[in-house]
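This is what each chain is made of:
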Amino acid sequence: MSALTTSQRRKGGGTLSGIGTLPQVNLLPPEVRAARGLRATKRWLGLGLVATLALCVAGYGAALISGGLADAELVEAQAETARLQSEQAQYAEVPVVLNALAQATAARQLGMSTEVQWKPYIDAIAAVLPEGVSIDTFTVTAATPMAAAAAPSDPLQAAGMGSIQFTTRSSTVPDVAAWVDALNSVPGFSSAWVGSATLTSDESGAYFAVSSAVVVTTDAFSLRFAQTEGEG
């Protein structure tokens with residue numbers, strides 16, 4: 001048989017011109033084709049394994065770096081904790097001192113809550129004495145932080161934090177009404193009372209002995225150590 005060409009002769013001597021497509025047939029045995037496919041698969045598997053190893057190495061390196069940073073931060077935090085604990089030990093007595101100071105302040109406020117500066121009031125009594133009257137004795141009865149003042153014996157007397165009883169001597173019978181008004185005019189005094197005048201004598205001569213009393217109100221408290229607004 002003659003070889004095929006790109007032109008064939010027509011029957012009767014004519015020719016048919018044209019480009020023909022030759023069929024291609026793979027004549028390799030199946031075993032060869034399978035071996036070639038296996039080699040390609042192995043190459044891809046090798047590349048995948050290399051990529052996986054590279055990712056593992058990168059992840060391990062990142063983990064080592066992160067662990068090193070965490071260890072450094074831990075060491076720094078431990079050092080800061082040790083420093084703070086050392087400073088705390090230096091000031092360990094501060095809360096104890098502050099607590100003792102607060103207790104002392106509270107005790108002082110309680111203990112001095114009923115304080116009265118008596119001298120100005122004694123001076124005020126002396127200042128309003130009638131002409132020719134002098135004081136012989138003073139007796140002060142007052143409330144304390146632990147005990148309230150005694151109730152007034154006279155229902156007409158106002159309640160207060162205490163009272164002052166004093167005896168006086170006078171060469172004449174004093175003006176009781178004016179004296180009572182003068183005593184009640186003193187801030188912190190109330191319900192002043194002047195008893196009857198009794199004629200008495202001693203080595204200095206005769207005089208009128210007068211017993212008097214005045215109620216001291218809470219306005220007389222000095223409140224020097226009271227807690228003011230805004231104090232803790």
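Cut-offs and rules
- Residues numbered from 1 in each chain as written.
- Predicted model: local features only at pLDDT ≥ 70, side-chain atom pairs only at ≥ 80, totals over all residues.
- Heavy atoms only, no water.
- Phe/Tyr/Trp six-rings, centres within 6.5 Å; stacked < 30°, edge-to-face > 60°.
- Helix = DSSP H or I, 4+ residues; strand = E, 2+ residues; numbered from the N terminus.
- Lys NZ or Arg CZ within 6 Å of the ring centre and 35° of its normal.
- Core = buried A, V, L, I, M, F, W, Y, C linked by side-chain atoms within 4.5 Å.
- Buried < 20%, exposed > 50% of the residue type's maximum accessible area, 1.4 Å probe, protein only.
- Contact = heavy atoms within 4.5 Å.
- Salt bridge = Lys/Arg side-chain N within 4 Å of Asp/Glu carboxyl O.
- Pairing = 2+ DSSP bridges.
- Axes fitted to C-alpha atoms, helices over the stretch in contact; angles between N-to-C directions.
- Patch = residues over 30% accessible without salt bridge, like charges linked within 9 Å, V, L, I, M, F, W, Y side chains within 5 Å.
- Areas by Shrake-Rupley, 256 points an atom, 1.4 Å probe, with all protein chains shown as cover.

**Q** What exactly am I supposed to notice about the packing of aromatic side chains here?
**A** Tallied over the entire structure, the rule returns three aromatic pairs. Judged by centre distance (6.4 Å) and plane angle (55°), the rings of Phe166 and Trp179 are tilted. Of this pair, Phe166 sits in strand β4 (residues 162-170) while Trp179 is found in helix α4 (residues 176-184), placing the two residues 13 residues apart along the sequence. A connected cluster of aromatic rings, assembled from ring pairs, spans Phe138, Phe166 and Trp179. Against the face of Tyr207 rests Arg169, its NZ or CZ located 3.9 Å from the ring centre.

**Q** Just checking my understanding: could you explain the nonpolar core for this structure?
**A** Across soluble globular proteins, nonpolar side chains have a tendency to be buried as a group. Core analysis: the largest hydrophobic core is formed by 21 residues, its most contacted members being Ile164, Trp179 and Phe189. Elements with a minimum of two residues in this core: α3 (118-127), β4, α4, β5 (189-202) and β6 (205-216). Not counting residues up to four positions away in its chain, the partners in contact with Trp179 are Val128, Leu129, Pro130, Val133, Phe166, Thr168, Pro174, Val194, Val210 and Ser212.

**Q** Sorry, what's going on with the pattern of salt bridges here?
**A** Should the charged atoms of two oppositely charged side chains come close, the side chains can pair. Throughout the structure, instances matching the rule amount to five salt bridges. Arg224 is the salt-bridge partner of Glu115, the closest N and O atoms lying 2.5 Å from each other. With Glu115 in the loop between α2 (93-111) and α3 and Arg224 in the segment after β6, the pair connects residues that are 109 residues apart, well separated along the chain. With relative accessibility at 47%, the residue Arg224 sits in the partly exposed group. The network of salt bridges with shared partners includes Asp136, Arg169 and Asp202.

**Q** For this particular structure, what's the right way to read the sheet that holds β4?
**A** Each strand in a sheet pairs with its neighbour through backbone hydrogen bonds, running either in the same direction (parallel) or in the opposite one (antiparallel). Sheet architecture is open: four strands sit in the order β3-β4-β6-β5, paired in antiparallel fashion. One side of each edge strand has no neighbouring strand; the edge strands of this open sheet are β3 (133-142) and β5. Averaged over all pairs of adjacent strands, the angle between their axes in this sheet comes to 15°, without regard to strand direction. Bridge count between β3 and β4: nine bridges; the pairing is antiparallel. Paired with Ala142 across the bridge in β4 is Gly162. Seen against the sheet, α3 touches β3, β4, β5 and β6 and runs at an angle of roughly 145° to β3.

**Q** How do you make sense of unusual backbone geometry when you look at a structure like this?
**A** For residues that are not glycine, phi is negative in most cases, and the peptide bond is trans in most cases. Not every positive phi belongs to a glycine, and Ser191 is a case in point at roughly 55°. Relative to the assigned elements, Ser191 resides in strand β5. Among the residues examined, Ser191 registers a relative accessible area of 16% and is labelled buried.

**Q** Explanation requested: the environment of Val173 in the structure shown.
**A** Along the polypeptide, Val173 turns up in the loop between β4 and α4. For Val173, a relative accessible area of 56% gives the class exposed. With 35 residues separating them in the primary sequence, Val173 and Phe208 have C-alpha atoms 6.7 Å apart.

**Q** Please explain the pairing of β4 as it appears in this structure.
**A** Along any regular strand the residues' side chains alternate between the sheet's two faces. Two elements, β4 and β6, share nine bridges in a ladder whose sense is antiparallel. Looking across to β6, one finds that Gln165 is bridged to Ala213.

**Q** Sorry, what's going on with the pairing of β5 here?
**A** For β5 and β6, the ladder comprises ten bridges, and the chain directions are antiparallel. The residue of β6 that forms the bridge with Val194 is Ser212. If you look at the hairpin formed by β5 and β6, you'll find two residues sitting between the two strands.

**Q** Would you explain a nonpolar patch on the surface in this entry?
**A** A surface patch of nonpolar side chains, about 410 Å² in accessible area, is lined by Tyr91, Val94, Leu98 and Leu101. You can see Val94 is positioned in helix α2. Of the residues examined, Val94 reaches a relative accessible area of 37% and is grouped as partly exposed.

**Q** How do you make sense of the environment of Phe138 when you look at a structure like this?
**A** Here Phe138 is to be found in strand β3. Along the backbone, Phe138 and Ile164 are 26 residues apart, and their C-alpha atoms lie at a distance of 6.9 Å. For Phe138, the residues in contact, after removing those within four places along its chain, are Ile122, Ile125, Ile164, Gln165 and Phe166.

Any functional reading would require information that these geometric values do not contain.
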